[in-house]
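# Secondary and tertiary structure notes
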Amino acid sequence: MADIDKILEQLLSDPRLRTGRAFSSAKSYGDEPIIRRGSQMHGFVPEPIKRLRELQTTPTGRAWSETRLFYEQARLLEDFEDHAPYTGQFLSYYPTYRSMNDRQLRGYFTWRANVRRGQIEDVSTSFAYVYIYELLMGIGVEPGTGGFEAIQAFYQAYRTFDQASMDRNVRPWLVDYVVDHGLDPKLATPYADTAHDGAIALLEGIDRAAVLSAPPKGSRREALGFGTLAEPAKKLMEAAAELSTYRITESKLYKDAPDDLELVFCAVFIRLARHYARTHNQGLTETLFGTRFAVRHLMYASAIHYDPAPHEDCVFELSPTRRYVCRQGNWTCEGYHDGGAKSAKLGDICRAVDRQLRAALDYPAQLKDHAEPKYLVKMIDAEIVDYLAYKEAHRPIVIDIDLSKLAGIRSAAAVTQEALLVDEERDEGTPSGAADLSSCSNSPDSHGGDIKPPPAHAELLAETSSPAAPSLLAPESTPSDGTGPYGLSQGEVSFLWALLKGNKEELIQGAGKSVDLVVDAVNEKLFDLLGDTAVEFGDDGTPQLVEDYAGDVRDVLEQ
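Analysis parameters
Residues numbered from 1 in each chain as written. Predicted model: local features only at pLDDT ≥ 70, side-chain atom pairs only at ≥ 80, totals over all residues. Heavy atoms only, no water. Helix = DSSP H or I, 4+ residues; strand = E, 2+ residues; numbered from the N terminus. Contact = heavy atoms within 4.5 Å. Areas by Shrake-Rupley, 256 points an atom, 1.4 Å probe, with all protein chains shown as cover. Phe/Tyr/Trp six-rings, centres within 6.5 Å; stacked < 30°, edge-to-face > 60°. Buried < 20%, exposed > 50% of the residue type's maximum accessible area, 1.4 Å probe, protein only. 1 Å grid on protein atoms, 1.4 Å probe; cavity = no way out; pocket = protein on both sides within 12 Å on 5 of 7 lines; lining within 4 Å. Points joined across faces, edges and corners; volume = space filled by probe spheres on them. Nonpolar A, V, L, I, M, F, W, Y, C, P; charged D, E, K, R; others polar. Salt bridge = Lys/Arg side-chain N within 4 Å of Asp/Glu carboxyl O. Axes fitted to C-alpha atoms, helices over the stretch in contact; angles between N-to-C directions. Parallel < 35°, antiparallel > 145°, perpendicular 65-115°, else oblique. Left-handed = near helix turned anticlockwise from the far one by under 90°. Pairing = 2+ DSSP bridges. Core = buried A, V, L, I, M, F, W, Y, C linked by side-chain atoms within 4.5 Å. Expected span 1.5 Å × (residues − 1). Bend = angle between axes of the 7 residues up to and from the residue. Patch = residues over 30% accessible without salt bridge, like charges linked within 9 Å, V, L, I, M, F, W, Y side chains within 5 Å. Lys, Arg positive; Asp, Glu negative; His and termini not counted. Charge placed at Lys NZ, Arg CZ, Asp CG, Glu CD.

### Details of the overall build of the chain
Within the chain one finds 25 helices and six strands. Residue pairs at least 24 apart in sequence account for 68% of intrachain contacts in the chain once pairs closer than 6 positions are excluded. Summed over all atoms, the accessible surface of the chain reaches about 32,800 Å², with 51% contributed by carbon and sulfur.

### Focus on the packing of aromatic side chains
Taken as a whole and judged by the stated rule, the model has 24 aromatic pairs. Arranged with centres 5.3 Å apart and planes meeting at 75°, the rings of phenylalanine 80 and phenylalanine 109 form a pair that is edge-to-face. Linking phenylalanine 80 in the loop between helix H5 (66–76) and helix H6 (102–116) with phenylalanine 109 in helix H6, this pair joins segments that are 29 residues apart in sequence. As far as the burial class goes, phenylalanine 80 and phenylalanine 109 line up, both buried. With a centroid separation of 5.1 Å and an interplanar angle of 75°, the aromatic rings of tyrosine 158 and phenylalanine 161 are classed as edge-to-face.

### Some details on the environment of alanine 365
Assignment of secondary structure puts alanine 365 in the loop between helix H15 (344–361) and helix H16 (374–393). Residue class for alanine 365 comes out partly exposed when judged on its relative accessible area of 23%. For the pair alanine 365 and arginine 355, spaced 10 residues apart in sequence, the C-alpha to C-alpha distance is 9.5 Å.

### A word on the layout of surface pockets
By volume, the second largest pocket amounts to about 640 Å³. Together, 22 residues line the second largest pocket, and Pro215, Arg221, Arg271, Arg274 and Arg278 are the ones closest to its centre. Those elements that provide at least two residues to the lining of the second largest pocket are helix H13 (258–279) and H16. No other element matches the five residues that H16 contributes to the lining of the second largest pocket. Partitioned by chemical class, the residues of the lining of the second largest pocket number 10 nonpolar, three polar and nine charged.

### Side note on the pattern of salt bridges
In this structure the tally under the stated criterion is 24 salt bridges. With a closest N to O distance of 3.4 Å, arginine 98 and glutamate 66 form a salt bridge. With arginine 98 in the loop between H5 and H6 and glutamate 66 in helix H5, this pair connects stretches of sequence that are 32 residues apart. The closest approach of N and O atoms between arginine 355 and glutamate 372, which form a salt bridge, is 2.9 Å. Of this pair, arginine 355 sits in helix H15 while glutamate 372 sits in the loop between H15 and H16, and the two are 17 residues apart along the sequence. By relative accessible area, arginine 355 is classed as buried at 6%. Ionic contacts of the salt-bridge type, sharing partners, join the residues Arg221, Arg271, Glu383 and Asp386 into one network.

### Notes on the packing of helix H10 (residues 194–212) against helix H11 (residues 230–243)
Two measures define how a pair of helices packs: the angle their axes make with one another and the distance between the axes. Following both chains from N to C, one finds H10 and H11 inclined at 135°, their axes separated by 9 Å at the closest point. The angle between the axes of H10 and H11 places the two elements in the oblique class. For H10 against H11, the interelement crossing comes out left-handed. Contact residues: Ala195, His196, Ala199, Ile200, Leu202, Leu203 and Ile206 in H10; Pro232, Lys235, Leu236, Ala239, Glu242 and Leu243 in H11. Split by residue class, the contact of H10 with H11 holds 10 nonpolar, one polar and two charged.

### Focus on the packing of helix H22 (residues 490–501) against helix H24 (residues 515–530)
Where H22 meets H24, the axes come as close as 10 Å, and the angle between the chain directions of the two elements is 95°. One element, H22, and the other, H24, form an angle in the roughly perpendicular class. On H24, the residues that touch Glu492, Phe495 and Leu496 of H22 are Val515, Val518, Val519, Ala521, Val522, Lys525 and Leu526.

### A short note on the sheet that holds strand S1 (residues 293–297)
Read from one edge to the other, the open sheet built from four strands follows the order S1-S4-S3-S2, with strand pairing classed as antiparallel. The open sheet has two edge strands, S1 and strand S2 (314–319), and neither has a second partner. Taking the axes of each pair of neighbouring strands and ignoring which way they run, one obtains an average angle of 25° across the sheet. Sheet analysis places strand S3 (residues 322–327) next to strand S4 (residues 330–335), joined by five bridges and oriented antiparallel. Each bridged residue has a counterpart across the sheet, and for arginine 323 the counterpart in S4 is glutamate 334. Contacts from helix H9 (residues 163–180) reach S1, S2, S3 and S4 within the one sheet, and its direction differs from that of S2 by about 135°.

### Some thoughts on the nonpolar core
Judged by nonpolar contacts, the single largest core of 56 residues is most densely connected at Tyr97, Tyr108, Phe109, Trp111, Val170 and Trp173. Residues within four places of tryptophan 111 in sequence aside, it is in contact with Glu121, Val123, Phe127, Ala128, Tyr131, Phe154 and Tyr158. Within the second largest apolar cluster, 47 residues are counted, among which are Leu203, Leu357, Met379 and Ile380.

### A closer look at H24
With 16 residues, H24 should cover 22 Å at 1.5 Å per step; its first-to-last C-alpha distance of 21 Å lies within 8% of that length. The axis of H24 is deflected most strongly, by about 30°, at glutamate 524. When we look at burial in H24, the residues that qualify are Val518, Val519, Ala521, Val522, Asn523, Leu526 and Leu530. In the segment just after H24, glycine 531 is the residue with positive phi, at about 70°.

### Re unusual backbone geometry
A positive phi angle, near 55°, is found at tyrosine 300, a position not held by glycine. Within the fold, tyrosine 300 resides in the loop between S1 and S2. Judged by its relative accessible area of 2%, tyrosine 300 falls in the buried class. Even without being a glycine, histidine 337 presents a positive backbone phi close to 55°. With respect to the element layout, histidine 337 can be found in the loop between S4 and H15. According to the relative accessible area criterion, histidine 337 is partly exposed, its value standing at 36%.

### Some remarks on the pairing of S4
Burial along S4 is one-sided: the face carrying Trp331, Cys333 and Gly335 is buried and the face carrying Asn330, Thr332 and Glu334 is not. Here S1 pairs with S4 via five bridges, running antiparallel. Within S4, the position partnered with valine 295 by the bridge is cysteine 333. As consecutive antiparallel partners, S3 and S4 are separated by two residues, and within that stretch glutamine 328 has a phi angle of approximately 55°, a positive value.

### Overview of a negative patch on the surface
On the surface, Asp532, Glu536, Glu547 and Asp548 cluster together into a patch of negative charge. Assignment of secondary structure puts glutamate 536 in strand S5 (residues 535–537).

This is the structure in structure tokens:
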């Protein structure tokens with residue numbers, strides 16, 4: 001075709017031909033003839049379109065259904081392209097090739113060729129639907145994921161010209177295409193209103209769990225464990241916002257205290273689920289949204305669609321609350337079939353919880369009474385009481401530290417340290433840290449008076465500072481130079497002799513300081529000799545020599 005246009009352009013631009021006899025005119029205005037291709041003439045019909053017309057007039061074509069005829073004609077002209085744009089109007093409720101005249105048919109195939117090149121124009125919505133019918137039946141595209149992407153891309157592009165019509169018809173067709181070809185259910189998520197189904201499925205799960213975990217009939221009522229309800233309460237609130245006519249997540253109370261409203265609403269829902277299970281034939285979720293049931297499903301409803309072979313038997317799970325079943329070519333859809341409607345009953349429950357909780361919290365903005373059932377109000381109030389008691393019992397403990405009293409603590413520590421010193425340590429001199437603490441404790445400016453030792457240390461202070469405190473007792477065989485074998489001090493030697501004799505009184509006197517410290521020192525110094533612990537504590541908390549090493553220790557002390 002491009003070669004023909006080039007030839008015509010050369011003919012018209014040749015000055016010799018334009019001034020020749022064939023183009024000469026005696027008239028002064030000098031008209032020039034317009035040369036057109038034969039295919040551009042008004043009455044010209046391309047051969048493929050002739051074959052399309054012939055197909056619908058044959059005895060076989062007349063016997064076919066409208067959808068079968070459209071499918072066969074579409075396969076016949078699957079790759080055909082034309083070059084005759086159509087500028088008129090074509091409107092048809094169920095557009096097919098049969099419903100177009102020859103001029104419109106040529107205009108459609110010209111428009112379709114441009115669409116396949118990525119140039120989508122708003123010529124006729126009926127043209128758009130014919131093109132979608134072709135894609136649904138795999139005309140010009142490979143059925144499966146590729147076909148879904150082609151339909152989705154065209155739908156998203158053309159809805160800028162006719163959004164209402166495209167959304168109303170093509171969105172359910174995209175879901176049907178996913179089911180029909182067994183594609184990933186996630187592809188249908190944007191078009192199947194799965195948020196509504198998912199919210200109902202969540203309510204079903206909480207309803208079922210509440211009934212299964214209910215205490216035996218006749219049991220005493222106990223408060224729910226609010227500490228374990230935080231996560232399900234948040235999810236339940238999101239589901240209620242999706243399904244309820246009352247916009248609970250836009251409530252002022254929810255914005256100020258979301259956790260309170262979520263936990264109380266969740267507790268009320270659990271109580272209601274158990275109540276309905278005991279007193280009603282249907283559960284709470286079924287009462288709010290009805291039961292799931294199967295209805296006959298017509299694939300690609302209101303579309304021109306033909307399947308040359310019956311679909312094989314299958315079950316397709318689109319969501320937890322919706323599944324499709326095909327048996328002998330007939331489809332059924334099992335679900336709630338509520339059309340995505342919100343529940344007014346659930347809205348009443350949400351509003352009642354919001355109102356009663358506001359009243360209990362003395363919230364500034366109160367809601368008016370809508371005369372809900374008395375049992376529901378009583379149930380809500382009981383859960384609010386339980387929740388407020390739980391909240392009070394688990395209130396965080398606030399610890400206030402008075403920094404002005406830290407100086408007093410240091411002074412008390414200095415007095416305690418002085419009380420624990422033995423005579424030898426006092427003779428060696430007071431440590432610099434203790435002197436600093438002592439000077440701090442004697443400052444009247446920092447404490448406003450004399451500091452007395454804490455009561456907890458009074459008895460210990462009396463025992464260690466008494467002049468009648470017994471002195472260390474050393475056995476006759478203990479060396480008197482103050483240094484024993486293996487670096488043992490005189491006190492540690494006395495401590496070991498007391499352990500060998502089993503004398504508890506001498507044991508205490510021999511320790512002189514903390515028994516734990518003496519035991520650690522002795523074990524460390526004798527480890528090179530024994531390779532093990534020499535002294536350990538018995539069941540009553542008193543130190544004792546390990547029986548296997550008693551002879552070795554005696555030999556060391558008698559050296």
